[in-house]
Number of protein chains: 2
Amino acid sequence: MTIKTTQLRIRDEEHRARCDALLEHVEAASASGVVLFDADYIKYYTGFTFIPTERPMAFAMNAKGERGLFVPRLELEHAQANALVERVSHYLEYPDDPHPMFVLADMLKAMGIGGRTLADADGYPWILGYRGPALSEAAKVDIHQARAFIEDQMAVKSPAEIELIKESVRWGNLAHTLLQRYTRAGLTETEVTARASNEATRAMLDAIGPIYRAASSGLGIGGAFAGYRGQIGRNAAIPHALANNLTFQAGDTLVTGAAAAVWGYLSELERTMFIGPPSGEQRRFFDHMVALQDTALGALAPGKRCADVDLAVRAYFEKHDLMPYWKHHSGHCIGLRYHEGPFLDKGDTTVLKPGMVFTVEPGLYVPGVGGFRHSDTVVITGDGVEMLTYYPRAIESLTLPAD
Amino acid sequence: MTIKTTQLRIRDEEHRARCDALLEHVEAASASGVVLFDADYIKYYTGFTFIPTERPMAFAMNAKGERGLFVPRLELEHAQANALVERVSHYLEYPDDPHPMFVLADMLKAMGIGGRTLADADGYPWILGYRGPALSEAAKVDIHQARAFIEDQMAVKSPAEIELIKESVRWGNLAHTLLQRYTRAGLTETEVTARASNEATRAMLDAIGPIYRAASSGLGIGGAFAGYRGQIGRNAAIPHALANNLTFQAGDTLVTGAAAAVWGYLSELERTMFIGPPSGEQRRFFDHMVALQDTALGALAPGKRCADVDLAVRAYFEKHDLMPYWKHHSGHCIGLRYHEGPFLDKGDTTVLKPGMVFTVEPGLYVPGVGGFRHSDTVVITGDGVEMLTYYPRAIESLTLPAD
């Protein structure tokens, strides 16, 4: 009799199934194996989570399905604890003599990976001070690009992945509820963002702490979060990295964002809100924005192309003379990365499949008035779409008191 | 008469001087120009700050010194506001038809960049769902690697850069002071981290808000921060991404981290602390750790090699039979990236120069007892080293009450 515990993570049998699909691709490509450097890919196939630095890491699988991790000494015990890999090879430190890439070359040789080899890149990327030779030089292999296959595989989510995204939605929704509750004229975005995010994170940890791991391979998202996208009223066009610590004022148009990382999986919730009753102009753009989002939602169905959705949205823009306010396409996939392909873009001909999880977020950007954008996270079903986010979308629900 | 305002940012004349140095390299390499995709490089040469996504962006400079930015529609006004560039070329959206890389190819052609071309990569990296052709294919240019030159240029900081790093130190120090003050047995790391970071950020904004911009091209660091590195007592070996929301207990060995982003520039402050009086074993490893850090600090001087510093540290490790507790080298450069080369590593033969800013952080990792690491940020001077961080290092200052 086995007792299976509840887990908020991808189980190893699913990692194995993902590797099996990759192995079929290795065989179909008549390759000796595959080498991956991308932290999200390595997490996807093994569950091994790390924040990429100048110390190179890699996952390799040979044509027999034997799997190995290549890590610095610092990550050795962590890698050895991973149930998916039969082999861990490590180097002491970066840089070192010999260069770590030759330690990886030795591991590949020992695994029988040589000649025709799939990889996501020809060597570890030069990030955070890393410098090194191409993999094709260090290991004398012939590299063929594996990214397109992997991205296609990652785009269709399993039931377990959708459950994690739903869990992310729940805590993003809490954070957003608190953000809306605490936002008032006279307060700064920094204090409101911090208060909502911290309270939501603490509630989340009190609710699911024993089974929760953020496990995000990126820096920065370590709990529930809700905040402003630097698109407050007068500054709607200023990217967030350059935004000031703005003070809310009556009359502001606000664009929010909320999410939580759950075992690395993300969702996206964004709302347009007003401080005080919206002006006629604010209401007009808000209504168009909701109609644009409804247009996109109505166009999402399995068998359609991504481009069809964006073309429907653009037709609405053009019909209502809104193209001067257009800035971007209608949405993107989301999962372990906060943006993923395919994109709801007129240039993307990918056919929609059940299990693909998209953000739906056509936006209008009006100089001097603000940005207008809701973003909801949805999954393509067998016959349409299921909205995973459920935060109110109506203008009455999103209008804050003026004082 | 001109009135020059105080600014917490790099001024355009410094960006121009950086570009001039790059232009000399273009000339020395007999290249037609240079193309950069890396967000930190683009910020370094132009001040243009953005968070990289699937929408490709690039900076280009031809052999005459004419500069251009290549951006999506979404970033057009932002790019046009940049004083460093004479030309902005944009595409509507990613993906699109034609693929944006051909829009970049047109801009390069118009700038006379063709044939032998320096670049940091042969095309935009495949991040967040981006897929695209190599630059060498799309623009029919012959790519030569520019990264080594750029990394060497970025490694030596100017007085203005050191001022920004000092400003970062100041607010990291405040956050760390609050972190230490609020850490108590029975509280969780999440609540203490949030409280210290938020209060420090708010104080920072009250003090320098009108001239402050985080302007970090990475996600996540948007103010002052202090927290724990997942290296609390019993869990010293677990990477942070997988750490639980731990509750502090008497007897814990703690390793902290504090920083702030100031116009993108970072510093690093880490301390080993104890909850309750340290045991003999804790004290022994703490004392060795401080001695190791002193060894590294004493070995830093212009004209020496990075390797010399790490070799001195390793000699101490070996002399005192501490190699079982060794996990990583002695430090790294820091600036716009939280890790940069060169590294205080026995494999790095770079000669230390005045203006290089390093973290100094040899560490000991003892199973069941904890991690022992201080990290200080220092700058190489004309005859030695200046410590930019000034947080107390002594065990008496870093021992918290047990209850």
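Residues numbered from 1 in each chain as written. Chains lettered and ligands numbered in written order. Predicted model: local features only at pLDDT ≥ 70, side-chain atom pairs only at ≥ 80, totals over all residues. Heavy atoms only, no water.

Which parts of the structure should I look at to understand the overall build of chain A?
Along chain A, the regular secondary structure elements total 10 helices and 17 strands. For 403 residues, the compact-globule estimate of 2.2 N^0.38 gives 22 Å, and the C-alpha radius of gyration of chain A, at 23 Å, lies within 12% of that figure. Overall size of chain A, expressed as C-alpha extent along the three principal axes, is 70 × 50 × 40 Å. A total of 403 residues make up chain A; the buried ones form 61% of that total. Once local pairs closer than 6 in sequence are excluded, the contacts in chain A between residues at least 24 apart make up 69%. Total accessible area on chain A stands at roughly 14,500 Å², and carbon and sulfur atoms take up 53% of it. (Helix = DSSP H or I, 4+ residues; strand = E, 2+ residues; numbered from the N terminus. Rg over C-alpha atoms; globule rule 2.2 N^0.38 Å. Buried < 20%, exposed > 50% of the residue type's maximum accessible area, 1.4 Å probe, protein only. Contact = heavy atoms within 4.5 Å. Areas by Shrake-Rupley, 256 points an atom, 1.4 Å probe, with all protein chains shown as cover.)

Help me understand the sheet that holds strand β4 (residues 87-91) of chain B, please; the structure alone is not making it clear to me.
Across a sheet, paired strands are connected by hydrogen bonds in the backbone, their directions being either parallel or antiparallel. Residue and element names in this part refer to chain B. Pairing is mixed in the open sheet, where 6 strands are placed in the order β4-β3-β2-β1-β5-β6. Among the strands making up the open sheet, the edge pair consists of β4 and β6 (141-145). The average undirected angle you get between the axes of adjacent strands in this sheet is 25 degrees. With 2 bridges connecting them, strand β1 (residues 33-36) and strand β5 (residues 115-119) associate as parallel partners. The partner of Val34 across the bridge, within β5, is Leu118. (Pairing = 2+ DSSP bridges. Axes fitted to C-alpha atoms, helices over the stretch in contact; angles between N-to-C directions.)

Sorry if this is basic, but what is going on with the sheet that holds strand β9 (residues 272-275) of chain B here?
All names here are of chain B. Taken together, the 4 strands give an open sheet; going across it, the order is β7-β8-β9-β17, and neighbouring strands pair in mixed fashion. Both edges of this open sheet fall to β7 (224-228) and β17 (399-400), since each of them pairs with a single strand only. Summarising the sheet, β9 and β17 pair through 2 bridges and their orientation is parallel. The partner of Ile275 across the bridge, within β17, is Leu400.

What is the right way to read the relation of the copies chain A and chain B from this model?
Relating one copy of the chain to the other takes a rotation about an axis and a shift parallel to that axis. The operation relating chain A to chain B is a screw motion whose rotation component is 180 degrees, with 0.0 Å of axial translation and a residual RMSD of 0.0 Å. Expressed as an axis order, the relation between the two copies is that of a two-fold axis. The share of interface residues of chain A whose copies in chain B are also at the interface is 100%, consistent with both copies meeting through the same surface. (Least-squares fit on C-alpha atoms with pLDDT ≥ 70 in both.)

In this structure, what is going on with the interface of chain A and chain B? I would like to understand it.
When the parts of a complex come together, some accessible area is lost, and that lost area is often used as the size of the interface. The partner chain B presents 61 residues to the 61 residues of chain A that form the contact. Around 5,300 Å² of area is buried between chain A and chain B when both sides are counted, 59% of it from carbon and sulfur atoms. In this structure, the connection of chain A to chain B is made through 7 salt bridges. Among the ionic pairs, Glu77 of chain A bridges to Lys327 of chain B, the shortest N-O distance being 4.0 Å. Linking chain A with chain B are 14 residue pairs in polar contact (both at pLDDT 80 or more), by the criterion used here. Among the elements that make up the side of chain A that touches chain B, the one with the highest residue count is helix α8 (residues 189-208) of chain A (7 residues). Of the residues belonging to the side of chain A that touches chain B, the class tally is 23 nonpolar, 17 polar and 21 charged. (Buried area = accessible area lost by both parts, 1.4 Å probe. Salt bridge = Lys/Arg side-chain N within 4 Å of Asp/Glu carboxyl O. Polar contact = N/O pair within 3.5 Å; in protein donor to acceptor, adjacent residues only side chain to side chain. Nonpolar A, V, L, I, M, F, W, Y, C, P; charged D, E, K, R; others polar.)

I tried to follow the packing of aromatic side chains on my own but got confused; where do I start?
Both the distance between ring centres and the angle between the ring planes are used here to describe each pair of aromatic rings. For the structure on display, the rule yields 24 aromatic pairs over all chains. Taking the centre distance of 5.0 Å and the plane angle of 85 degrees together, the rings of Tyr44 of chain A and Tyr45 of chain A count as edge-to-face. Since its relative accessible area comes to 0%, Tyr45 of chain A is described here as buried. Pairing Phe70 of chain B with Tyr91 of chain B gives two aromatic rings, centres 5.2 Å apart and planes at 35 degrees, and the pair type is tilted. Of this pair, Phe70 of chain B sits in strand β3 (residues 67-72) while Tyr91 of chain B sits in strand β4, and the two are 21 residues apart along the sequence. Residue classification places Tyr91 of chain B among the buried residues on the basis of a relative accessible area of 3%. Ring pairs connect the aromatic residues Phe37, Tyr94, Tyr124 and Tyr130 of chain A together with Phe343 of chain B, which therefore count as one cluster. Across from the ring centre of Tyr44 of chain A, 4.0 Å away, lies the NZ or CZ of Arg18 of chain A, which sits over that ring. Across the ring face of Tyr182 of chain A, the terminal group of Arg195 of chain A is positioned such that the distance to the ring centre comes to 3.5 Å. (Phe/Tyr/Trp six-rings, centres within 6.5 Å; stacked < 30°, edge-to-face > 60°. Lys NZ or Arg CZ within 6 Å of the ring centre and 35° of its normal.)

Sorry if this is basic, but what is going on with helix α10 (residues 306-319) of chain A here?
Since the α-helix packs 3.6 residues into each turn, any two residues three or four apart lie on the same face. All names here are of chain A. The first and last C-alpha atoms of α10 sit 20 Å apart over 14 residues, in line with the 20 Å expected at 1.5 Å per residue. Packing partners of the buried residues in α10 comprise α9 (280-299), β11 (340-344), β12 (357-360) and β13 (363-366). At the exit of α10 stands Asp321, carrying a positive phi of roughly 55 degrees. (Expected span 1.5 Å × (residues − 1).)

Help me understand the packing of helix α7 (residues 159-182) of chain A against α8 of chain A in this model?
The angle between the axes and the distance between the axes are what describe a pair of packed helices. Residue and element names in this part refer to chain A. One can describe the packing of α7 onto α8 by two numbers: an axis separation of 8 Å at closest approach and a directional angle of 140 degrees. Judged by the angle between their axes, α7 and α8 are oblique. α8 is crossed by α7, and the crossing has right-handed handedness. In this structure, α7 contributes Glu167, Trp171, Leu174, Ala175, Leu178, Leu179 and Tyr182 to the contact, and α8 contributes Val192, Thr193, Arg195, Ala196, Glu199, Ala200, Ala203, Met204, Ala207 and Ile208. Among the residues making up the contact of α7 with α8, the classes are represented as 13 nonpolar, 1 polar and 3 charged. (Parallel < 35°, antiparallel > 145°, perpendicular 65-115°, else oblique. Left-handed = near helix turned anticlockwise from the far one by under 90°.)

Hey, could you run me through the packing of helix α1 (residues 12-28) of chain B against helix α2 (residues 39-46) of chain B in this one?
Residue and element names in this part refer to chain B. With their axes 6 Å apart at the nearest point, α1 and α2 run at an angle of 115 degrees to one another. As judged from the angle between their axes, α1 and α2 are roughly perpendicular. Judged by residue contacts, His15, Arg18, Cys19 and Leu22 of α1 engage Lys43, Tyr44, Tyr45 and Thr46 from α2. Partitioned by chemical class, the residues of the contact of α1 with α2 number 4 nonpolar, 2 polar and 2 charged.

Whenever I open this one, the pattern of salt bridges confuses me. Can you help?
Opposite charge on two side chains makes pairing possible when the charged atoms of those side chains draw close. According to the stated counting rule, one finds 49 salt bridges over all chains in the structure shown. Residues participating in the shared-partner salt-bridge network are Glu151, Lys157, Arg337 and Glu340 of chain A.

Could you clarify how one ought to interpret the side chain of Arg314 of chain A in this entry?
For Arg314 of chain A, the location among the structural elements is in helix α10. By relative accessible area, Arg314 of chain A is classed as buried at 6%. Every residue in contact with Arg314 of chain A, bar those within four places of it in the chain, is listed here: Trp326 and Lys346 of chain A together with Leu92 of chain B.

Can you walk me through unusual backbone geometry in this structure?
Outside of glycine, negative phi angles account for most residues, and trans bonds account for most peptide bonds. With an omega of 5 degrees, the peptide bond between Asp97 of chain A and Pro98 of chain A qualifies as cis. By the element assignment, Pro98 of chain A lies in the loop between β4 (87-91) and α4 (100-110). Residues Gly341 of chain B and Pro342 of chain B are joined by a peptide bond in cis, for which omega reads 0 degrees. Its location among the elements puts Pro342 of chain B in strand β11 (residues 340-344). Of note in the backbone geometry, Leu128 of chain B takes a positive phi value of approximately 50 degrees without being a glycine. Within the fold, Leu128 of chain B resides in the loop between β5 and α5 (135-138).

Whenever I open this one, the domain arrangement of chain A confuses me. Can you help?
Residue and element names in this part refer to chain A. Its domain assignment divides chain A into domain 1 (12-154) and domain 2 (156-400). Averaged C-alpha coordinates put domain 1 and domain 2 at centres separated by 34 Å. Each partner contributes to the interface: domain 1 provides 16 residues, whereas domain 2 provides 15 residues. Together, the buried faces of domain 1 and domain 2 total about 1,200 Å²; carbon and sulfur atoms form 46% of this surface. Of all residues in domain 1, Asp40, Lys43 and Met154 give up the largest surface area on contact with domain 2, accounting jointly for 41% of the area buried on that side. The tally of links between domain 1 and domain 2 comes to 2 salt bridges. Here Glu161 ties to Arg18 by a salt bridge, and the two come within 3.2 Å at their closest N and O atoms. Where the side of domain 1 that touches domain 2 is concerned, the elements lending two or more residues are α1 (12-28), α2 (39-46) and α6 (147-155). (Domains from an automatic or database assignment.)

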